[in-house]
Amino acid sequence: GKRCEEPGCDKSAQGSTSRCIVHGGGKRCEEPGCDTEAEGSTNRRMTHGGGRRCDEPDFDKSAIAPTKRRKALGGGKRCEEPGCNKYAQGSTKRCKAQ
């Protein structure tokens, strides 16, 4: 595919832009003064209200994949060790203790 036009960068250009996310390509956050990428199908970054939001009524915090809830309400990926209810770390299926 199309590559970033920034000299020395070999990352893919995003969307209809000619730059990668790091060099300002793709959809940007619409918050005044913010120059980071927008999350998912929204027009804002996560900290400015973009991305998937928690399904719990009266909460406007971001949800953690693969669930539709924020971490404090049980969202996020759990450790696969039987009897363990901690959060899995990074791309692994286990917590730090396992």
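Note that the structure is predicted; figures quoted are calculated from it, not measured. Numbering of residues starts from 1 in every chain and runs along the sequence as written. A pLDDT threshold of at least 70 governs which residues receive local features in this predicted model, and a stricter bar of 80 or more applies before side-chain atom pairs are shown or counted, although totals over entire chains, interfaces and linings include all residues. With hydrogens and water stripped out, all remaining heavy atoms of the structure feed into the side-chain values.

### Observations regarding the overall build of the chain
Part 1: Of regular secondary structure, the chain possesses zero helices and zero strands.
Part 2: Type-normalised accessible area, obtained with a 1.4 Å probe on protein chains alone, sets the label of each residue: buried when under 20%, exposed when over 50%, and partly exposed for intermediate values. Counting over 98 residues, the chain shows a buried share of 19%.
Part 3: In the chain, 0% of the contacts between residues at least 6 apart in sequence involve partners at least 24 apart.
Part 4: A total accessible area of about 6,900 Å² is found for the chain, and carbon and sulfur atoms account for 46% of it. Every helix listed is a DSSP run of H or I at least four residues long, and every strand listed is a run of E at least two residues long, numbered separately from the N terminus. When checking whether two residues touch, look at their non-hydrogen atoms; a contact exists if any pair is within 4.5 Å. Computed with the Shrake-Rupley method and a 1.4 Å probe, the accessible areas treat only the protein chains shown as cover for residues.

### A few points about the state of the cysteines
Part 1: By definition, disulfides here are pairs of cysteine sulfur atoms that lie within 2.5 Å. A full pass over the atoms with the stated rule returns zero disulfides.
Part 2: Looking at C29, it has no disulfide partner, and the nearest cysteine sulfur is the one in C34, 3.9 Å off.
Part 3: For C29, a relative accessible area of 7% puts it in the buried group.
Part 4: Lacking any disulfide linkage, C79 is separated from the closest cysteine sulfur, that of C84, by 3.9 Å.

### Brief notes about the pattern of salt bridges
Part 1: When a carboxyl oxygen of Asp or Glu is within 4 Å of a side-chain nitrogen of Lys or Arg, the pair counts as a salt bridge. Under the counting rule described, the total for this entry stands at six salt bridges.
Part 2: E6 serves as the salt-bridge partner of R19, at 2.5 Å between the closest nitrogen and oxygen.
Part 3: According to the relative accessible area criterion, R19 is partly exposed, its value standing at 28%.
Part 4: Classification of E6 by relative accessible area gives partly exposed; the value is 27%.
Part 5: Measuring nitrogen to oxygen at the nearest pair gives 3.6 Å for the salt bridge that ties E30 to R44.
Part 6: Residue E30 is classed as partly exposed on the basis of its relative accessible area of 47%.
Part 7: The structure contains a network of salt bridges with shared partners spanning E5, E6 and R19.

### Considering the environment of H48
Part 1: In this structure H48 comes out as partly exposed when scored by relative accessible area, which is 29%.
Part 2: Once residues within four sequence positions are removed from consideration, H48 is found in contact with C29, E31 and C34.

Everything listed is a geometric property; what it means functionally is a separate question.
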